Amino acid sequence: MVSFTPVRFAAFSALVASLAVAAVPAHAEPRSYRIDPSHFSIVFNAMHIGYAPTWGLFLKGEGGFTYDEETRELSDLSVAIEAGSVFSNDERRDGHLRSGDFLDAEAHPSITFRMTEAEAKTETTGTVTGDLTLRGVTRPVTLDVTLNKIGPYPFGGTYVIGISANTTLKRSDFGMTYAVENGLVGDEVSIRIDLEAIRD
């Protein structure tokens, strides 16, 4: 029979406690991420007179979110896009897109998206639903989201998540009815978003 002195028993108890703590697996925690503006692409297209889609993009945007890598839970996602930064590789068309016929960028300089819920479908795919405010009109929009990669970045000692998302909306839902009735400009607008976000 092994006997323990009070000192030995205390040391043994401390050892058992430390082993018990070590045996509990480490859990990831929700972490904040900020979107890297230099790796943030917001691309869209709409059909032009039925011939072919015309493509455009927004050059300026910012945002952030909270993500738990272990549970794959996303929260607090918010994005702001500068409406006046629209670019379609044609100055005259860009001016028209900024006008009241389309984005009305002077009266509504910011396009915002704030998530209301997210649902994981697989380990790398899911949906994010939120309120999109465009031209002062707010409508719910759901995006299909793919997690491309998450992990240590090869440069700068940061930790980065890469995401792609897409959705389709009707611009007329946001009061953008120019050339919808005569079919000169398509009502449906396809949107693709690709981003890298850096963990704080």
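Every value quoted in this text rests on a predicted model; they were computed, and no experiment measured them. (Residues numbered from 1 in each chain as written. Predicted model: local features only at pLDDT ≥ 70, side-chain atom pairs only at ≥ 80, totals over all residues. Heavy atoms only, no water.)

Asker: Would you take a moment to explain the nonpolar core for this structure?
Answerer: Nonpolar side chains in soluble globular proteins tend to be buried together. Core analysis: the biggest nonpolar cluster contains 42 residues, and Phe 58, Phe 65, Ile 111, Phe 113, Ile 161, Ile 193 and Leu 195 have the highest contact counts within it. If you list the elements that add at least two residues to this core, you get strand E1 (31–48), strand E3 (61–68), strand E4 (73–82), strand E6 (110–120), strand E7 (125–134), strand E8 (137–152), strand E9 (159–170) and strand E10 (188–199). If sequence neighbours within four positions are ignored, Ile 161 has contacts with Tyr 33, Phe 65, Tyr 67, Leu 147, Lys 149, Ile 150, Leu 195, Glu 196 and Ala 197. (Core = buried A, V, L, I, M, F, W, Y, C linked by side-chain atoms within 4.5 Å. Buried < 20%, exposed > 50% of the residue type's maximum accessible area, 1.4 Å probe, protein only. Helix = DSSP H or I, 4+ residues; strand = E, 2+ residues; numbered from the N terminus. Contact = heavy atoms within 4.5 Å.)

Asker: How should I be thinking about the environment of Phe 87 in this particular structure?
Answerer: Residue position: Phe 87 is located in strand E5 (residues 86–87). When the C-alpha atoms of Phe 87 and Gly 56 are compared, they prove to be 5.5 Å apart, with 31 residues separating the residues in sequence. Non-local contacts of Phe 87, meaning those with residues more than four positions away in its chain, are made with Gly 56, Leu 57, Leu 59 and Asp 94.

Asker: In this structure, what is going on with the side chain of Thr 127? I would like to understand it.
Answerer: Relative to the elements of secondary structure, Thr 127 occurs in strand E7. Aside from chain neighbours lying at most four places away, what touches Thr 127 is Glu 117, Ala 118, Glu 119, Lys 121, Thr 142, Leu 143 and Asp 144.

Asker: What am I meant to see in the packing of aromatic side chains here?
Answerer: Each aromatic ring pair is described using two quantities: the centre-to-centre distance and the angle formed by the ring planes. With the rule as written, the count across this model stands at 4 aromatic pairs. Both rings, one in Tyr 33 and one in Phe 65, keep their centres 5.5 Å apart while their planes meet at 15°; by these two values the pair is stacked. Linking Tyr 33 in strand E1 with Phe 65 in strand E3, this pair joins segments that are 32 residues apart in sequence. The pair Tyr 33 / Phe 65 is uniform in exposure class, with both members buried. Here Phe 44 and Phe 58 contribute two aromatic rings whose centre-to-centre distance is 5.4 Å and whose plane-to-plane angle is 40°, an arrangement assigned as tilted. In this pair, Phe 44 sits in strand E1 while Phe 58 sits in strand E2 (residues 52–58), placing the two residues 14 residues apart along the sequence. Owing to a relative accessible area of 14%, Phe 44 belongs among the buried residues under this scheme. Sitting over the face of the ring of Tyr 159, Arg 199 holds its NZ or CZ atom 3.9 Å from the ring centroid. (Phe/Tyr/Trp six-rings, centres within 6.5 Å; stacked < 30°, edge-to-face > 60°. Lys NZ or Arg CZ within 6 Å of the ring centre and 35° of its normal.)

In short, geometric facts, not functional conclusions.
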